[in-house]
Amino acid sequence: MIEEVYEGDCREVLRRVPDVAIDLAYMDPPFYSQKVHKSQTRNGDSEFVFSDVWLSEQIYSDFIMECLVLVREKIKFTGSLFFHCDKSASHVIRTALDDVFGKDNFRAEIIWHYRRWSNAKRGLLNAHQTIFFYSKSSDYKFNEIYEDYSLSTNIDQLMQKRARDSRNKTIYARQSDGQVVLSGPKKGVPLSDVWQIPFLNPKAKERVGYPTQKPIELLKRIVSLVTDPGDIVLDPFCGSGTTLIAAKLLARGAIGIDISSEAVQLTRQRMQEPIVTDSKLMRMGKDAYDQHDGFAARHLAFFDYVPVQRNKGIDGILKEQIHGLPIYLRVQRNSETQHDAAVALAAATKDKGKGLLVVVATRDDLLGQPDYDDVVFLPSFELVRQYGLTAS
Ligand SMILES: C[S@@+](CC[C@H](N)C(=O)[O-])C[C@H]1O[C@@H](n2cnc3c(N)ncnc32)[C@H](O)[C@@H]1O
């Protein structure tokens, strides 16, 4: 798989990259912040510096235009460009992108939103950056990504098919005998243009001390959205190499360029041994993270499921169905036996049509309980581990 990092001004180096060969170009150039960005590695051994000071907005705009024209030539007919910027010059960049890629090829303005905790300045807390998504043509590659439903979604909205009544009002579909009609497997909600991905905090393992370093998670999402394994990703302002690492982790080829020799050296080093921060927020989803019932979320972490909040008996639904039937999940609480959990789950799903019921057992107390034909009991990961420890 191609893995190249070049040192130099991208306007020069890009001439060495073959035309129409790139599936995704991600550009994260200086933002027109009119600052010199400086930072140190964690042990203080090296310092990284890049200047983002410009004599005028016009000079910045000309620079961006020149880069865009060169980058566009490298992108395949089915390829895309993601351009990362912020409020300092997003107005200039959007116009330049329209000119070079064409307004018809504008696909989205993505808002990367992250939490910040303090604001030294008067005014609104700055908590987002902008990523413009353009394609080279209307025939661009795009892989659908789905997110979990919001926990406030009602379970009936998730599971039941809709129909129209005689007044053309949307209602839940029912069979002639009154049984609900199920709506099939649930993929989730198509990814929106607002992305909640945590900013790298100062102590994150992934942080290498490069100024304006972006999270690998953000780049993995961009790479997954418009490329497939084996495709080639180009980053002409690669800095610490985040895009190249994301590409490598996802089995894509990668070409990076940076004018700073320290950045190129750092990128090569990171490519040898990528460190990715494991974010609880990303793993569990913002809603699951926010919910108070962390107990259920913790025991269901190994399932590919949709969490259900507004229902006392059901904790989640598996994303896959078995023989066309939904699978409802409940985690046994400390206050209940496995039998109680099964009863609660059965009661909660009674009027939901046919489905399979799974109780995730957190304690071994089923002995002496009645048999269940319609409920499967699975030991939680912690229960299995506990037994492993007891047996050894
Ligand atoms: C915003 S940073 C990129 C950060 C990067 N995405 C990361 O996650 O580490 C911009 C980078 O552009 C580089 N740069 C500035 N002018 C350049 C040019 N003309 N050609 C190539 N790289 C340039 C800087 O050295 C800096 O590393």
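The paragraphs below set out a description of the structure included in this document. (Residues numbered from 1 in each chain as written. Predicted model: local features only at pLDDT ≥ 70, side-chain atom pairs only at ≥ 80, totals over all residues. Heavy atoms only, no water.)

Some thoughts on the site of the ligand
Part 1 of the reasoning: Surrounding the ligand, one finds 21 residues, the nearest of these being Asp-28, Tyr-210, Ser-240, Thr-242 and Asp-258.
Part 2 of the reasoning: Interatomic distance of 2.9 Å between a backbone N/O atom of Cys-10 and a nitrogen atom of the ligand.
Part 3 of the reasoning: Separating a nitrogen atom of the ligand from a backbone N or O atom of Ile-259 is a distance of 3.2 Å.
Part 4 of the reasoning: Here the ligand, which alone exposes 610 Å², has 96% of that area covered by the protein.
Part 5 of the reasoning: Looking at side-chain class alone, the shell around the ligand contains ten nonpolar, seven polar and four charged residues. (Near = heavy atom within 4 Å. Polar contact = N/O pair within 3.5 Å; in protein donor to acceptor, adjacent residues only side chain to side chain. Areas by Shrake-Rupley, 256 points an atom, 1.4 Å probe, with all protein chains shown as cover. Nonpolar A, V, L, I, M, F, W, Y, C, P; charged D, E, K, R; others polar.)

Remarks on the pairing of strand 13 (residues 232-235)
Part 1 of the reasoning: Burial of strand 13 is two-sided: the residues Ile-232 and Leu-234 facing one way and the residues Val-233 and Asp-235 facing the other way are all buried.
Part 2 of the reasoning: Looking at chain direction, strand 2 (residues 22-27) and strand 13 are connected through two bridges and run parallel. Within the sheet, the bridge partner assigned to Ala-25 lies in strand 13 and is Leu-234. (Buried < 20%, exposed > 50% of the residue type's maximum accessible area, 1.4 Å probe, protein only. Helix = DSSP H or I, 4+ residues; strand = E, 2+ residues; numbered from the N terminus. Pairing = 2+ DSSP bridges.)

What about the sheet that holds strand 14 (residues 253-258)?
Part 1 of the reasoning: Taking strand neighbours across the sheet as the criterion, the eight strands line up as 1-14-13-2-5-7-6-12 in an open arrangement whose pairing is mixed. In the strand order of this sheet, the two ends are held by strand 1 (3-7) and strand 12 (194-196), each with one partner. On average, each strand axis in the sheet is inclined to that of its neighbour by 20 degrees, with strand direction left out of account.
Part 2 of the reasoning: The sheet contact formed by strand 13 and strand 14 spans four bridges and is parallel. (Axes fitted to C-alpha atoms, helices over the stretch in contact; angles between N-to-C directions.)

Considerations on the pattern of salt bridges
Part 1 of the reasoning: Scanning all chains against the criterion turns up 14 salt bridges.
Part 2 of the reasoning: Of the charged contacts, one joins Lys-214 and Asp-28 as a salt bridge, the two residues approaching to 2.8 Å between their closest N and O atoms. Taken together, the residues Lys-214 in the loop between strand 12 and helix 5 (216-226) and Asp-28 in the loop between strand 2 and strand 3 (35-40) connect sequence positions 186 residues apart.
Part 3 of the reasoning: Look at Lys-214 and you get buried, because its relative accessible area is 5%.
Part 4 of the reasoning: You can call Asp-28 buried: its relative accessible area is 13%.
Part 5 of the reasoning: The partner of Arg-298 in a salt bridge is Glu-382, with the nearest N and O atoms 2.5 Å apart. With Arg-298 in helix 10 (residues 294-299) and Glu-382 in helix 12 (residues 381-391), the pair connects residues that are 84 residues apart, well separated along the chain.
Part 6 of the reasoning: Connected through salt bridges with shared partners, the residues Asp-9, Arg-11 and Glu-66 form a single ionic network. (Salt bridge = Lys/Arg side-chain N within 4 Å of Asp/Glu carboxyl O.)

A look at the pairing of strand 14
Part 1 of the reasoning: Counted residue by residue, strand 14 has six buried out of six residues, so it is predominantly covered.
Part 2 of the reasoning: Judged by which residues are buried, strand 14 turns out to be covered on both faces: Gly-253, Ile-255 and Ile-257 on one side and Ala-254, Gly-256 and Asp-258 on the other are all buried.
Part 3 of the reasoning: Taken together, the five bridges between strand 1 and strand 14 define a ladder with parallel strand orientation. Note on strand 14: the bridge partner recorded for Glu-4 is Ile-255.
Part 4 of the reasoning: As a crossover connection, the stretch from strand 13 through helix 6 (residues 242-249) into strand 14 is right-handed. (Right-handed = clockwise from strand over helix to strand, strands pointing away.)

Let's talk about the sheet that holds strand 18 (residues 356-361)
Part 1 of the reasoning: The five strands lie next to each other as 15-16-17-18-19, forming an open sheet whose pairing is mixed. Of all strands in the sheet, those bounded by a partner on one side alone are strand 15 (305-307) and strand 19 (375-379). Across the sheet, the axes of successive neighbouring strands diverge by a mean angle of 30 degrees, strand direction being ignored.
Part 2 of the reasoning: Pairing of strand 15 with strand 16 (residues 316-318) involves three bridges; the strand directions are antiparallel. Following the sheet pairing, Tyr-305 is matched in strand 16 by Leu-318.
Part 3 of the reasoning: Across the sheet, helix 11 (residues 338-349) lies against strand 17 (327-331), strand 18 and strand 19, angled at about 150 degrees from strand 18, the strand it touches most. (Contact = heavy atoms within 4.5 Å.)

Examining the packing of helix 6 against helix 7 (residues 261-272)
Part 1 of the reasoning: It is the contact of helix 6 with helix 7, at a shortest axis distance of 9 Å, that shows an interaxial angle of 25 degrees. With respect to their mutual orientation, helix 6 and helix 7 come out roughly parallel. Regarding helix 6 and helix 7, the two cross each other, and that crossing is right-handed. Of helix 7, the residues touching helix 6 (which contributes Thr-242, Leu-244, Ile-245 and Lys-248) are Thr-267, Arg-270 and Met-271.
Part 2 of the reasoning: Here the residues of the contact of helix 6 with helix 7 sort into three nonpolar, two polar and two charged. (Parallel < 35°, antiparallel > 145°, perpendicular 65-115°, else oblique. Left-handed = near helix turned anticlockwise from the far one by under 90°.)

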